[in-house]
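Summary of the model geometry
The residues making up each chain are set out below.
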Amino acid sequence: MAATQNTAQQDDEIDLRELLGTLLDHKWLIGVITGVFLVLSVGYALLGTPIYEADALVQVEQKVPDLPGLSAISQTLGASSSEATTEIALITSRSVIGKAVNELNLQVETYPYHFPIFGGWVARHFLPDQPGDVAPPMLGFGRYDWGGSKLDIFQMKVPAGLEEKKLVLIAGAQGEYQLFDGSDSLVKGRVGEVASGHGVTMQVRELRANAGTHFAVTHHTALAVINQLQLDISASEQGKDSGIISLTYDHEDPELAGQLLDHVSQAYVKQNVERNSAEAANSLKFVKEQLPRIRHDLDNAQNALNGFQIKAKSVDITLQTKGLLDQTVAIETSIQQLRLQQAEMERKFTGEHPAYKALLDQIGQLQAQKAGIEKQVGGLPDTQQELLRLTRDVEVTNATYTGLLNQAQQLEIARAGTVGNVRVIDPAAVDISKPAKPKKALVALGGTFLGGFLAVAFVLLRQMLSRGVEDPSAIEELGLSVYASIPSSAVERQSFLQGRRGRGDGKQKLLAVNAPADLAIEALRSLRTSLHFARIEAKNNILMISGASPGAGKTFISSNLAAVIAKGGQRVLLIDGDMRKGALHTVIGGRPDKGLSELISGQLVLEDAVRSVADTEGLHFISRGKVPPNPSELLMHANFVNLLEKLKPQYDLIIIDTPPILAVTDAAIMGHHVGTSLMVVRFGLNQAREIALAKQRFEQNGVQIKGAVFNAVERRSTGYYSYGYYEYGSSPA
């Protein structure tokens, strides 16, 4: 139990040495990918379209109520020192940006086509001899702009089906042009004239280009342009509660970027003034609606007072009554003014608004004072009480009427002289000498870092997903003895690539013959020694070499092992037992026909099928023959057994290269007739489960695998070749 826990713990631990070794093993791949990203990022930094940034500053001043009667309430509540949060939302609203879109005709987007990759860079660096000059076509590509081309569409209307669709305008001679939707011609026109056709109406203000130059023309919906600009225009307050709003906008056309911010700023200021002017106009309308009613109330109060005085024969107010009258008039006048303000505020605020509640509190306090004075009035004679009441009504109504007249005059002045509480501090400006994007150093550094990161991630991910065996101990844990570990051979890889390009040339490509000092051949000599002792108790002199899946290197092991053994003075016969896709003839030389399939089917005699191998005395070869329709059935025929029995006494060793066991059953059939069976496992390719399944498949068919050959073992930075194959070879004479 403890051993199991320790093993699990080791599996969960991250081996930093192994990770570092993996990266070192793939350093060239990482370097190439990083280098490619470096080249691409530098190319983008140099050839990419420069983006310029326009910026402007707008100040939002504290909004002090300039409407008569509201100042006291605002001062009581206090006002925020900054209204930037609200103003930022207003300045990027559709109503403000929409005006700029209409004034600049931004719904129509046009640009000339440039030659891919470097055409835009060439066009930007074109220096005209005279203003308005256009660069001549380069490389014979007249459809592209090489510098100086310009298209300005004054107006354009398209049907709904062509909205947001890229159209192509082709410039003609002498100011003529033609608009296309794909291959369909929509409009033909001339600069300065209105042209119509197929539901499209347009007028080109300016067209400066070589004949044949192509322009992309797109008519966007107003909402699409506004929504995009709302995302592109950045508005932020500089400093907390400073009231200073910074506006920025990036675009490849610096002139357009500056014009857009200017139009947005001016539209915002104009809207602010109109908003404040409208507030004064609404208040003036309310005051004028109240004046006739107050005037009527004043006339009634004066008539009532005059009638009472006539009836009472000119009763005069006593000194005591005069004092109470003055207090009552002052309080009533204030209450009447507050009532008017209340009616005005009810149109703007709810009953829960702090300003509205503060107004009600003031009215309540004044009414409490009024109630106290009325108690004192109750102690006066009845005549004095009535005279005081009537006189109070006249004076209060008169004061209210006079106050409304003054307020109306002030509102008239406020409406006419409204300037708003925002102003443009810095108009839009663009530094054309220093593009905002791309930042060349940052792009190059970031692209290189991204390339290195992706390369490392790719290597580690591939290593993690690739569960191919890389340690011979993993094979031995499956119950297979590793007879030899064959190092990967650079000479063999080169020969394999050349063989693929010249497949079927009939030339011999044995590594054991062409490079006998190669480390892989030295390892095969070790395998020859191991097999000598492993075959002592074998039932016959036939050796079968198979594998779990294609690509393990059975053909390489079989052919070169046969050559190594033959060079040791033994007679060896090499048989290509893969009658489906056998490729031994590409290594040994010759053609695949006249081989095993014809021998078993009786179409060929043995003497005509066995061929000697050039430059290798004692080695003979039987190719696969023509591909039969039933390879497995041929192997189960008695002719195959008779063939092996006939061949066994003629050779010291017979090596059969078979198809992979997990692909077809041929290897299991041949395994019953051989004395020794080996399985080839390729480094980093065959998975442990795959090897175990192949071993199980053989055992289920009664074939015992003697051991494994670990092929194409690569040097790893974390260790040496398996079983200690060092760089030790013959020195040149």
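Residues numbered from 1 in each chain as written. Predicted model: local features only at pLDDT ≥ 70, side-chain atom pairs only at ≥ 80, totals over all residues. Heavy atoms only, no water.

Per the secondary structure count, the protein includes 25 helices and 20 strands. Taking the intrachain contacts of the protein between residues at least 6 apart in sequence as the baseline, contacts between residues at least 24 apart amount to 78%. Accessible area of the protein: about 38,800 Å², with a carbon and sulfur share of 53%. (Helix = DSSP H or I, 4+ residues; strand = E, 2+ residues; numbered from the N terminus. Contact = heavy atoms within 4.5 Å. Areas by Shrake-Rupley, 256 points an atom, 1.4 Å probe, with all protein chains shown as cover.)

On to a negative patch on the surface. There is a patch of like negative charges on the surface, built from Glu109, Glu252, Asp253 and Glu255. Assignment of secondary structure puts Asp253 in the loop between β11 (244-251) and α9 (254-311). Judged by its relative accessible area of 34%, Asp253 is partly exposed. (Patch = residues over 30% accessible without salt bridge, like charges linked within 9 Å, V, L, I, M, F, W, Y side chains within 5 Å. Salt bridge = Lys/Arg side-chain N within 4 Å of Asp/Glu carboxyl O. Lys, Arg positive; Asp, Glu negative; His and termini not counted. Charge placed at Lys NZ, Arg CZ, Asp CG, Glu CD. Buried < 20%, exposed > 50% of the residue type's maximum accessible area, 1.4 Å probe, protein only.)

Moving on: unusual backbone geometry. Backbone torsion omega between Lys437 and Pro438 reads -10 degrees, so that peptide bond is classified as cis. Considering the arrangement of structural elements, one finds Pro438 in the loop between β12 (422-430) and α13 (440-465). Although it is not a glycine, Gln174 adopts a positive phi angle of roughly 55 degrees. Accessibility expressed as a relative area gives 71% for Gln174, which makes it exposed.

With that out of the way, let us pick up the packing of aromatic side chains. Throughout the structure, instances matching the rule amount to seven aromatic pairs. A centroid spacing of 6.0 Å and a plane angle of 55 degrees characterise the contact between Phe141 and Tyr144, whose relative ring orientation is tilted. Judged by its relative accessible area of 35%, Phe141 falls in the partly exposed class. Through a chain of ring-to-ring contacts, three or more aromatic side chains come together here, namely Phe115, Phe118, Phe141, Tyr144 and Trp146. Over the ring of Tyr144 we find Arg143; its NZ or CZ atom is 5.6 Å from the centre of that ring. (Phe/Tyr/Trp six-rings, centres within 6.5 Å; stacked < 30°, edge-to-face > 60°. Lys NZ or Arg CZ within 6 Å of the ring centre and 35° of its normal.)

Before going further, it helps to examine the sheet that holds strand β15 (residues 572-576). Pairing between sheet strands relies on hydrogen bonds along the backbone, with the strands arranged either parallel or antiparallel. Read across the open sheet, the eight strands follow the order β13-β20-β19-β14-β18-β15-β17-β16; overall the sheet is mixed. Among the strands making up the open sheet, the edge pair consists of β13 (482-487) and β16 (611-612). Two strands pair when backbone bridges link them, and β15 and strand β18 (residues 653-657) are joined in this way by five bridges, in the parallel orientation. Looking across to β18, one finds that Leu574 is bridged to Ile655. (Pairing = 2+ DSSP bridges.)

Okay, a nonpolar patch on the surface next. Together, Ile117, Phe118, Met138, Leu139 and Phe141 give the surface a local cluster of nonpolar side chains, amounting to about 510 Å² of exposed area. Following the sequence through the fold, Met138 ends up in the loop between α7 (119-124) and β3 (150-157). Taking relative accessible area as the criterion, Met138 reaches 36% and is therefore assigned partly exposed.

Another point: the environment of Lys706. Tracing the chain through its elements places Lys706 in the loop between α25 (688-700) and β20 (707-713). Each C-alpha atom of the pair Lys706 and Ser677 lies 5.5 Å from the other, and the pair is 29 residues apart in sequence. Setting aside anything within four residues of it in sequence, one finds Lys706 in contact with Ser481, Tyr483, Ala534, Thr676, Ser677 and Leu678.

Further remarks concern helix α8 (residues 222-232). For α8, the full list of buried residues reads Val225, Ile226 and Leu229. Buried residues of α8 fall within an arc of 95 degrees about the axis and therefore sit on the same side. (Arc of directions from axis to C-beta.)

Before going further, it helps to examine the side chain of Ser623. Residue position: Ser623 is located in the loop between β17 (619-622) and α22 (631-635). In this structure, Ser623 is in contact with Asp576, Arg591, Pro592, Asp593, Lys594, Gly595, Leu596 and Arg611, ignoring residues within four places of it in sequence.

Quick look at the pattern of salt bridges now. Summed over the entire model, instances satisfying the criterion amount to twelve salt bridges. The salt bridge involving Lys165 is made with Asp181; its shortest N-O contact spans 3.2 Å. One end of the pair, Lys165, is in the loop between β3 and β4 (166-171); the other, Asp181, is in strand β5 (residues 176-181), with 16 residues separating them in the sequence. A residue is classified by how much of its surface remains accessible, and Asp181, at 16% relative accessible area, is buried. Arg208 is the partner of Glu206 in a salt bridge, and the nearest nitrogen-oxygen pair spans 2.6 Å. Several salt bridges share partner residues, and in doing so they unite Lys150, Glu206 and Arg208 into one network.

With their axes 10 Å apart at the nearest point, helix α6 (residues 94-104) and α8 run at an angle of 115 degrees to one another. It follows that α6 is roughly perpendicular to α8 by the angle criterion. Seen along the crossing, α6 lies across α8 with a hand that is right-handed. Packed against α6, whose contacting residues are Arg94, Ile97, Gly98 and Val101, the element α8 presents Leu223, Val225, Ile226, Asn227, Leu229 and Gln230 at the interface. (Axes fitted to C-alpha atoms, helices over the stretch in contact; angles between N-to-C directions. Parallel < 35°, antiparallel > 145°, perpendicular 65-115°, else oblique. Left-handed = near helix turned anticlockwise from the far one by under 90°.)

Once that is clear, we can look at the sheet that holds strand β1 (residues 52-60). What the four strands build is an open sheet, ordered β10-β11-β1-β12; its pairing is antiparallel. The open sheet terminates on both sides in strands that have one partner only, identified here as β10 (234-237) and β12. Strand after strand, the sheet turns through a mean of 15 degrees between neighbouring axes, direction not considered. Sheet topology note: the β1/β11 ladder contains eight bridges and is antiparallel. Note on β11: the bridge partner recorded for Gln59 is Ile244.

Moving on: helix α17 (residues 519-534). Between its terminal C-alpha atoms α17 stretches 23 Å, which fits the 22 Å expected from 16 residues at 1.5 Å a residue. Leu519, Ala520, Ile521, Ala523, Leu524, Leu527, Leu531 and Ala534 are the residues of α17 that are buried. Residues of α17 that are buried make contact with β13, α16 (511-514), β14 (542-547), α18 (554-567), β19 (676-682) and β20. One side-chain oxygen at the N-terminal end of α17 lies 2.9 Å from the backbone nitrogen of Ala520; it belongs to Asp518. (Expected span 1.5 Å × (residues − 1). Polar contact = N/O pair within 3.5 Å; in protein donor to acceptor, adjacent residues only side chain to side chain.)

With that settled, consider the pairing of strand β6 (residues 184-190). Of the pairings in the sheet, the one linking β5 to β6 comprises six bridges and is antiparallel in character. Paired with Gln178 across the two strands is Lys188, which belongs to β6.

Our next topic: the environment of Ala688. Mapped onto the secondary structure, Ala688 falls in helix α25. On the accessibility criterion, Ala688 (31% relative accessible area) is partly exposed. As a C-alpha pair, Ala688 and Ile475 span 213 residues in sequence and 7.2 Å in three-dimensional space.

We now examine the environment of Gly98. Within the secondary structure layout, Gly98 lies in helix α6. Gly98 sits 127 residues away from Val225 along the chain, and the two C-alpha atoms are 8.6 Å apart.

Topologically, Ser41 is positioned in helix α3 (residues 27-47). Residue Ser41 is classed as buried on the basis of its relative accessible area, which comes to 7%. A distance of 2.9 Å separates the side chain of Ser41 from the backbone oxygen of Leu38, its partner in a polar contact.

Glancing now at the confidence of the model for the protein. With 81% of its residues at a pLDDT of 70 or more, the protein has an overall mean of 82. Across residues 1-12, confidence stays below pLDDT 50; counting only partners more than four residues off in sequence or on other chains, it has zero contacts. Ignoring residues within four places in sequence, the model shows residues 719-733, a span with pLDDT below 50, making 29 contacts including any to other chains. (pLDDT = per-residue confidence, 0-100.)

Turning next to the packing of α17 against α18. Two numbers describe how α17 lies on α18: the axes approach to 9 Å, and their chain directions differ by 70 degrees. As judged from the angle between their axes, α17 and α18 are roughly perpendicular. Seen from α17, the contacting residues are Ala520, Ile521, Leu524, Arg525, Leu527, Arg528 and Leu531; seen from α18, they are Phe556, Ile557, Asn560, Leu561, Val564 and Ile565.

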